[in-house]
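Okay, here's what each chain looks like letter by letter:
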Protein chains: 2
Amino acid sequence: MRDANLPFLALNPGSSLVYLTGLHFHMSERPVVLIFPLEGVPSLILPELESQKTAQAAFDLKVFTYKESLETWGVAFADACEASSVGSQRVGVEPGTLRVLELRFLEGACPDASFVTAEMAIAELRMQKDTEELALMRHATHIAENALRQTLPAVVEGVSELAIASKLVGNMLELGSGGELPFQPIIAFGANSANPHAVPSDYQLQRGDLVLFDWGANNQGYFSDLTRMFSLGEPETELCNVVEIVHRANTAAREVSAPGIPASAIDQAARTTIEAAGYGEYFVHRTGHGLGLEVHEPPYIRSDNSEILKPGMTYTIEPGIYLNGRGGARIEDDMVITADAAESLSTFPRELTVLGQ
Amino acid sequence: MRDANLPFLALNPGSSLVYLTGLHFHMSERPVVLIFPLEGVPSLILPELESQKTAQAAFDLKVFTYKESLETWGVAFADACEASSVGSQRVGVEPGTLRVLELRFLEGACPDASFVTAEMAIAELRMQKDTEELALMRHATHIAENALRQTLPAVVEGVSELAIASKLVGNMLELGSGGELPFQPIIAFGANSANPHAVPSDYQLQRGDLVLFDWGANNQGYFSDLTRMFSLGEPETELCNVVEIVHRANTAAREVSAPGIPASAIDQAARTTIEAAGYGEYFVHRTGHGLGLEVHEPPYIRSDNSEILKPGMTYTIEPGIYLNGRGGARIEDDMVITADAAESLSTFPRELTVLGQ
């Protein structure tokens, strides 16, 4: 906060609040905001209904509760801002998490303060994972890979994407995943695999279809995020080639990963591989994103990101090629930068696996 | 929009965007905003990666895409605001859904516009459900009730809250629930049931414990949200009495429900029942909330809400009594106001059910 010239932070429920405090709150229509001063005791604004949770706090807190009646909400914000002596100072907020709901209450309570982004200041803290965090992420990867193994026998002719997605989720929960998954699994058969953000449908698997699994588990708040490619019987030759090219791009990006290089170099390794094979225009997204308590967080593995990678940073590598109306392929691993290289937390085979033979 | 003096609406991904357009987008670190003018063609700002989805739109759209590179994002917002001629007019936003991320891009693109709440204007549209919506909600309730029935045999001595929560979720998905549940089920045993927002833990069920299920399913985006009380063997007498008092409060609130009364009258019916029994101070929350595409939406069933109920409005009734350190009870139904009365969509028995006898 000192380095970023932020005398205050104001955070609402989300992964940064969990990271900094260990406190879990719901994001709901009832605003919850924790105001951290650079020095002194933080102030927590929350509904009376949730006040029991403050007993979990491992640090001193000034608590300002409001009741169900709406007129009490602004009073709690005003009291908290006054107790924190915010005045006309800068208050760091997270633009991707704080809503207009909380912002307007904060603006009303601290009319002279300026609310500026604390995104990079908080990312600096969260990007380099410690040993305990990495152990949690490694296990999140194992849960996901084991759930995949348990689900594959159900991938047979005529099964729907939705049925496979339900089974996969059930298996992850049974294996210990938290219920708040990083995202709803993408199970995409045939031409649906050409949509990078496909939603499972009642489409039924046919022979020759590609089968894309993009899924992840939650281990005590830390996520995994993987993609693997299968097919039912042999798909057409070009689709097989596309999976092989994506596999080479994934390998190139994993192999170039190391401390001291910019995030853009990883994107470049994947992208030049796909471009050299003549499919550059069909690789329509960045190569990856940071991963941890959020499924998308810094560092972003993008061609314009010159951020230097450091040990403990964790991110996905997920190049893809998408042929509209025919099929697409993506192969995704979860990486961690080590002292002198990088390691994939995920080890499930990356080749196209032909099922039903 | 005309009635609310809102020449524009600017919505990001969420239930109102689905309700108004049928378009499903992810909320992610990449902003997506649809600007609706009172007249003319809406403008959609979105990442190029998601541009395929615009093909689903059943209406004309001007599309403004940006690329992975950050400097292209503000350009797309500026182009969209200019194409919409926003100028210095009022733009309605949803404070509980729009984030500071989207707000700052909108403010940058339309520096003279004022961004004001459209919450009530949109709620007016969404509150009264039509026949098709009610059929979807009724089935969401059936999925939840059937999943409960399938899960109850697993509620035995020594089972953990987490294990029951996993089974319940698996059963809902198998029965056709969408993967994005309204909330992670609250399964709370013994003293944990005294926390209205308990999170399932590895606590193991003991004889004499109360067992609280608070759960719901997703049927094509429409939610159910129920709570029922069980016990393993007989709990202590006061806890049995508490469940019975909550049952009476739930019944009173259901019976008073009708078109033409204010939401506060329903809260009052539940609250006076619990107060008359001497437990008023332990009923620490409102009696209920609207339900539909969101798990908490207007109308809120609160003592200070004078909003008049109308046919088609759907909401929960969920009085509770919480004895810290000992146990709590809540009994929750999903109601719809009919032409001359009200109906509960949920029919599972509301009495305390003693298991393991």
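Everything numeric in this text was worked out from a predicted model, so none of it was measured.

A.B. asks: Explanation requested: the packing of aromatic side chains in the structure shown.
C.D. replies: Aromatic ring pairs: the centre-centre distance and the angle between the two ring planes describe each pair. Applying the stated criterion to the full structure yields 16 aromatic pairs over all chains. Judged by centre distance (4.9 Å) and plane angle (15°), the rings of B:Phe77 and B:Phe105 are stacked. In this pair, B:Phe77 sits in helix α2 (residues 71-83) while B:Phe105 sits in helix α3 (residues 100-109), placing the two residues 28 residues apart along the sequence. By relative accessible area, which is 0% here, B:Phe77 ends up buried. The class for B:Phe105 is partly exposed, based on a relative accessible area of 22%. Three or more aromatic residues link up through ring pairs in this structure, and these residues are A:Tyr66, A:Trp73, A:Phe77 and A:Phe105. Note that A:Arg271 overlies the ring of A:Phe283, its terminal NZ or CZ placed 4.1 Å from the centroid.

A.B. asks: When you look at the side chain of B:Glu133 in this model, what are you seeing that I'm missing?
C.D. replies: All names here are of chain B. Locating Glu133 in the fold gives a position in helix α5 (residues 131-151). Buried Glu133, no salt bridge; nearest opposite-charge side chain is Lys129, N-O distance 5.9 Å. Residues contacting Glu133, with those up to four places away along its chain left out, are Tyr19, Gln128 and Tyr222.

A.B. asks: Honestly, the state of the cysteines in this entry has me stumped. Any pointers?
C.D. replies: Here a disulfide denotes one covalent bond, and it connects the sulfur atoms of two cysteines. Residue and element names in this part refer to chain B. Tallied over the full model, the rule gives 2 disulfides over all chains. Each disulfide pairs two cysteine sulfurs, and for Cys81 the partner residue is Cys110, the sulfurs being separated by 2.3 Å. Since a negative S-S torsion denotes a left-handed disulfide, the Cys81-Cys110 link at about -70° is left-handed. Taken together, the residues Cys81 in helix α2 and Cys110 in the loop between α3 and β6 (114-117) connect sequence positions 29 residues apart. The two residues Cys81 and Cys110 agree in class, both being buried.

A.B. asks: Is there a simple way to think about unusual backbone geometry in this case?
C.D. replies: For residues that are not glycine, phi is negative in most cases, and the peptide bond is trans in most cases. All names here are of chain A. Residue Pro299 is reached from Pro298 by a cis peptide bond, and omega for that bond is 0°. Tracing the sequence through the fold places Pro299 in strand β13 (residues 297-301). Of note, Ser85 is a non-glycine position whose phi angle comes to about 55°, a positive value. What makes Ser85 exposed here is its relative accessible area of 52%. In the Ramachandran plot, Gln220 falls in the positive-phi region, its phi being about 50° despite a non-glycine side chain. Mapped onto the elements of the fold, Gln220 is located in the loop between β9 (218-219) and β10 (222-223). Its relative accessible area of 65% is what places Gln220 among the exposed residues.

A.B. asks: What should I look at first to understand the pattern of salt bridges in this one?
C.D. replies: Close approach of charged atoms lets side chains of opposite charge pair. Residue and element names in this part refer to chain B. Inspection of every chain in the model, using the stated rule, returns 39 salt bridges over all chains. With its nearest N and O atoms 3.2 Å apart, the salt bridge here joins Glu39 to Arg2. Of the two residues, Glu39 is situated in the loop between β2 (33-37) and β3 (43-47) and Arg2 in the segment before β1 (8-11); the sequence distance between them amounts to 37 residues. For the pair formed by Glu39 and Arg2, the shared burial category is exposed.

A.B. asks: Help me out: how do you make sense of the domain arrangement of chain A in this one?
C.D. replies: Accessible area lost on assembly of the parts is the figure often given for the size of an interface. Residues and elements named next belong to chain A. Entries for chain A in the domain assignment read domain 1 (8-126) and domain 2 (131-355). Summarising the inter-unit geometry, the C-alpha centres of domain 1 and domain 2 are found 35 Å apart. If you look at the interface, domain 1 gives 6 residues, while domain 2 gives 8 residues. With both chains or domains summed, domain 1 and domain 2 bury close to 560 Å², and 49% of this area falls on carbon and sulfur atoms. At the boundary of domain 1 and domain 2, one finds 2 salt bridges. We note a salt bridge from Glu294 to Arg126, for which the minimum N-O separation is 3.2 Å. At the junction of domain 1 and domain 2, the tally comes to 3 residue pairs in polar contact (both at pLDDT 80 or more). Sort the elements by how many residues they give to the side of domain 1 that touches domain 2 and helix α4 (residues 119-127) lands first, with 4 residues. Split into classes, the residues belonging to the side of domain 1 that touches domain 2 amount to 3 nonpolar, 1 polar and 2 charged.

A.B. asks: Teacher, can you tell me more about the sheet that holds strand β19 (residues 353-355) of chain B here?
C.D. replies: In any sheet, the strands associate via hydrogen bonds between backbone groups, in a parallel or an antiparallel arrangement. All names here are of chain B. Taken in spatial order, the 4 strands line up as β7-β8-β11-β19 in an open sheet, and their pairing is mixed. In the strand order of this sheet, the two ends are held by β7 (186-189) and β19, each with one partner. Within the sheet, the average angular offset between the axes of one strand and its neighbour, ignoring direction, is 25°. Examined bridge by bridge, β7 and strand β8 (residues 210-215) share 4 bridges and lie antiparallel to one another. Paired with Ile186 across the strands is Asp214, a residue of β8. Of the strands in this sheet, β8 and β11 (226-232) are in contact with α5, which crosses β8 at around 150°.

Cut-offs used in this document
Residues numbered from 1 in each chain as written. Chains lettered and ligands numbered in written order. Predicted model: local features only at pLDDT ≥ 70, side-chain atom pairs only at ≥ 80, totals over all residues. Heavy atoms only, no water. Phe/Tyr/Trp six-rings, centres within 6.5 Å; stacked < 30°, edge-to-face > 60°. Helix = DSSP H or I, 4+ residues; strand = E, 2+ residues; numbered from the N terminus. Buried < 20%, exposed > 50% of the residue type's maximum accessible area, 1.4 Å probe, protein only. Lys NZ or Arg CZ within 6 Å of the ring centre and 35° of its normal. Lys, Arg positive; Asp, Glu negative; His and termini not counted. Salt bridge = Lys/Arg side-chain N within 4 Å of Asp/Glu carboxyl O. Contact = heavy atoms within 4.5 Å. Disulfide = S-S within 2.5 Å. Domains from an automatic or database assignment. Buried area = accessible area lost by both parts, 1.4 Å probe. Polar contact = N/O pair within 3.5 Å; in protein donor to acceptor, adjacent residues only side chain to side chain. Nonpolar A, V, L, I, M, F, W, Y, C, P; charged D, E, K, R; others polar. Pairing = 2+ DSSP bridges. Axes fitted to C-alpha atoms, helices over the stretch in contact; angles between N-to-C directions.

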